[in-house]
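Structural description and commentary
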Amino acid sequence: QVQLVESGGGLVQAGGSLRLSCAASGRTFSGYTMGWFRQAPGKEREFVACISWSGGSTYYADSVKGRFTISRDNAKNTVYLQMNSLKPEDTAVYYCATKYSDRLGYFPHEYPYWGQGTQVTVSS
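Quick caveat: nothing in here was measured; it's all calculated off a predicted structure.

For the rest of this paragraph, the subject is the environment of Ala 92. Mapping Ala 92 onto the fold places it in strand 9 (residues 92–100). Expressed as a C-alpha distance, the spacing of Ala 92 and Gly 9, which sit 83 residues apart in the sequence, is 9.8 Å. Those residues in contact with Ala 92, other than ones at most four positions away along the chain, are Arg 38, Gln 39, Ala 40, Thr 118, Gln 119 and Val 120.

Time to look at the nonpolar core. The biggest cluster of nonpolar side chains holds 34 residues, and the ones touching the most others in it are Trp 36, Leu 81, Met 83 and Tyr 94. When residues of this core are traced back to their parent elements, those giving at least two are strand 3 (18–25), strand 4 (32–39), strand 5 (46–51), strand 7 (68–73), strand 8 (78–83), strand 9 and strand 11 (118–123). Looking at which element gives the most residues to this core, the answer is strand 5, with 5 residues.

What the 4 strands build is an open sheet, ordered 1-3-8-7; its pairing is antiparallel. In the strand order of this sheet, the two ends are held by strand 1 (3–7) and strand 7, each with one partner. Strand-to-strand twist of the sheet, defined as the mean angle between neighbouring strand axes without regard to direction, takes the value 15°. For strand 3 and strand 8, the ladder comprises 6 bridges, and the chain directions are antiparallel. The residue of strand 8 that forms the bridge with Cys 22 is Val 79.

Another point: the side chain of Arg 67. Structurally, Arg 67 is set in the loop between strand 6 (58–60) and strand 7. At a separation of 2.8 Å, a polar atom in the side chain of Arg 67 contacts the main-chain carbonyl oxygen of Ser 63. A polar side-chain atom of Arg 67 sits 3.0 Å from the main-chain carbonyl oxygen of Ser 85. Sequence-distant contacts of Arg 67, that is, excluding residues within four places in its chain, are made with Gln 82, Met 83, Asn 84, Ser 85, Leu 86, Lys 87 and Asp 90.

Thresholds, definitions, all that
- Residues numbered from 1 in each chain as written.
- Predicted model: local features only at pLDDT ≥ 70, side-chain atom pairs only at ≥ 80, totals over all residues.
- Heavy atoms only, no water.
- Helix = DSSP H or I, 4+ residues; strand = E, 2+ residues; numbered from the N terminus.
- Contact = heavy atoms within 4.5 Å.
- Core = buried A, V, L, I, M, F, W, Y, C linked by side-chain atoms within 4.5 Å.
- Buried < 20%, exposed > 50% of the residue type's maximum accessible area, 1.4 Å probe, protein only.
- Pairing = 2+ DSSP bridges.
- Axes fitted to C-alpha atoms, helices over the stretch in contact; angles between N-to-C directions.
- Polar contact = N/O pair within 3.5 Å; in protein donor to acceptor, adjacent residues only side chain to side chain.

Bear in mind that shape data such as this cannot, by itself, settle questions of function.
Here is the structure:
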């Protein structure tokens, strides 16, 4: 079993930055692709970014491309989401997720393990 714990959310003004962290425990991090998703009130959970086990492959939703950066530190079993130039429409609960595969994944149903989420609120 894999446990994921997100941190780093908060309230920020539009144009500001936040860095989310997701710490994994319970199993070795080796071979796991990591993803970030978000869910705004009344909306479905949507893909934000993902990164392969090696970190060599990443993919972003068009809505965050150029503003967000996903990275990972396998020695620390942690994945990060650096969010810059934040917009009010980025307001959501952000979740990290993982799956035992080195293939990138863009849909929630591909990921069996999820964190509890961290709230990000961007004020205008």
